Amino acid sequence: MKYLLRYALGLVALAACGIASANEFSANVALSSDYRFRGISQTNDAPAISGGFDYGLESGVYIGTWASNVADWSEGTTEIDYYGGYAFDITDGVGGDVGILYYQYPSDGQDPDLDYVEVYASIAFSGATVGVNYSPDYFAETDSFWYLYGGYDFPVSDTLSVGVHLGYNAFADEEAFDSFIGADSGEDGYLDYSVSLNAALPLVDFSLAVIGTDIDDEICKDNCEASLVATISKSM
């Protein structure tokens, strides 16, 4: 499940989001007021419906897929993710996760090609998660890319928690970032962040999150400035 909607679903790191265990199959569906990925709206601030399936082995190996509507990019309005990895215990109370993730945007005649692949690794301990993703050629052929992030969940009660997240998006150089953002930025990367209130209700889960970036509003105002995102989700 993609993290910025992933944020709202309690979505980072993708590898740590509701992966099935002990030879189990699971499914998830969500409705969100906006689909934010690494701080940037993927739906032009419009609602998104998403869902996915996961299958996990007792060994810790898992595979899955997830999809959402997105803005109309190169005649495509859907994102489909495919991933697989391995979750494991490092020591008592400390877990690791490594894997590979492929982002696909089905459409005809994409130029540049929007599809890309990432490898990822994360460590989780005491409610905190830190991790890194790497792509040799990021979205829309914008060269190599690193994503470094950390997050922490604070339990408030048995059904309520507060989550915080901070990530840094590092592009190969200023030219690559300018190509990604579609403007002269004078930067080679940006920060994204979120603060969320998450509630486990009797039938569904609900999240309310403030999500944004430090990108200058003059460069990317509508899709990059801080926004309040509400999400209702259900896992089965």
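A. Structural detail: the overall build of the protein. Counting secondary structure elements, the protein contains 3 helices and 14 strands. Buried residues in the protein amount to 45% of all 236 residues.

B. Highlighting the state of the cysteines. Enumeration over the complete set of coordinates arrives at 1 disulfide. A sulfur-sulfur distance of 1.9 Å marks the disulfide that ties cysteine 220 to cysteine 224. In this structure, the disulfide formed by cysteine 220 and cysteine 224 twists by about 65° around the S-S bond and is classed as right-handed. Of this pair, cysteine 220 and cysteine 224 both sit in helix H3 (residues 217-224), 4 residues apart, which is roughly one turn of that helix.

C. Just the pairing of strand E9 (residues 128-135), in detail. Sheet topology note: the strand E8 (residues 116-125)/E9 ladder contains 7 bridges and is antiparallel. Along E9, the bridge assignment pairs valine 119 with tyrosine 134. The turn linking E8 back onto E9 is made up of 2 residues, and serine 126 within it adopts a positive phi angle of 50°. Sheet topology note: the E9/strand E10 (residues 145-155) ladder contains 8 bridges and is antiparallel. Looking across to E10, one finds that asparagine 133 is bridged to tyrosine 147.

D. Fine view of a nonpolar patch on the surface. Where nonpolar side chains cluster on the molecular surface, the patch consists of Val156, Leu160, Leu197, Leu201, Phe206, Leu208, Val210, Leu228 and Ile232 and spans about 730 Å² of accessible area. When residues of the nonpolar patch are assigned to their parent elements, the largest contribution, 3 residues, is made by strand E13 (residues 205-213). Position of valine 210 among the secondary structure elements: in strand E13.

E. A look at the pattern of salt bridges. Under the criterion given, the structure shown has 3 salt bridges. One salt bridge connects arginine 36 with aspartate 34, and the closest N-O pair in it is separated by 2.9 Å. Residue arginine 36 is joined to aspartate 45 by a salt bridge in which the shortest nitrogen-to-oxygen separation is 3.2 Å. For aspartate 45, a relative accessible area of 35% puts it in the partly exposed group. In this structure, a network of salt bridges that share partners links the residues Asp34, Arg36 and Asp45.

F. Quick peek at helix H2 (residues 174-181). Considered for burial, the residues of H2 that qualify are Ala176, Phe177, Asp178 and Ile181. Phi turns positive one or two residues past the end of H2, at glycine 182, with a value near 75°.

G. Region of the structure containing H3. All of the buried residues along H3 are Cys220, Asn223 and Cys224. Down the axis of H3, the sector holding all buried residues measures 65°, keeping them to one side. Set apart from the buried face of H3 by more than 90 degrees, the exposed residues are Glu218 and Asp222. Buried-residue contacts for H3 involve strand E2 (36-37), strand E3 (40-41), H2 and E13.

H. A look at the nonpolar core. Of all hydrophobic cores here, the largest spans 28 residues; its most connected members are Tyr105, Tyr116, Tyr138, Phe139, Phe171, Ile181 and Ile215. Only strand E5 (61-73), strand E7 (94-104), E8, E10, H2 and H3 provide two or more residues apiece to this core.

I. A look at the side chain of glutamine 42. As for its placement among the helices and strands, glutamine 42 is situated in the loop between E3 and strand E4 (48-56). Reaching out from glutamine 42, the side chain makes a polar contact with the backbone oxygen of isoleucine 40 at a distance of 2.9 Å.

J. The arrangement of the packing of aromatic side chains in detail. In this structure the tally under the stated criterion is 20 aromatic pairs. Where tyrosine 103 meets tyrosine 116, the ring centres are 4.2 Å apart and the plane angle is 15°; that geometry is what we call stacked. Here tyrosine 103 is found in strand E7, whereas its partner tyrosine 116 is found in strand E8, with 13 residues between them in sequence. Each member of the pair tyrosine 103 and tyrosine 116 is classed as buried. Arranged with centres 5.5 Å apart and planes meeting at 75°, the rings of tyrosine 105 and phenylalanine 139 form a pair that is edge-to-face.

Reading the values: the criteria
Residues numbered from 1 in each chain as written. Predicted model: local features only at pLDDT ≥ 70, side-chain atom pairs only at ≥ 80, totals over all residues. Heavy atoms only, no water. Helix = DSSP H or I, 4+ residues; strand = E, 2+ residues; numbered from the N terminus. Buried < 20%, exposed > 50% of the residue type's maximum accessible area, 1.4 Å probe, protein only. Disulfide = S-S within 2.5 Å. Pairing = 2+ DSSP bridges. Patch = residues over 30% accessible without salt bridge, like charges linked within 9 Å, V, L, I, M, F, W, Y side chains within 5 Å. Areas by Shrake-Rupley, 256 points an atom, 1.4 Å probe, with all protein chains shown as cover. Salt bridge = Lys/Arg side-chain N within 4 Å of Asp/Glu carboxyl O. Arc of directions from axis to C-beta. Contact = heavy atoms within 4.5 Å. Core = buried A, V, L, I, M, F, W, Y, C linked by side-chain atoms within 4.5 Å. Polar contact = N/O pair within 3.5 Å; in protein donor to acceptor, adjacent residues only side chain to side chain. Phe/Tyr/Trp six-rings, centres within 6.5 Å; stacked < 30°, edge-to-face > 60°.

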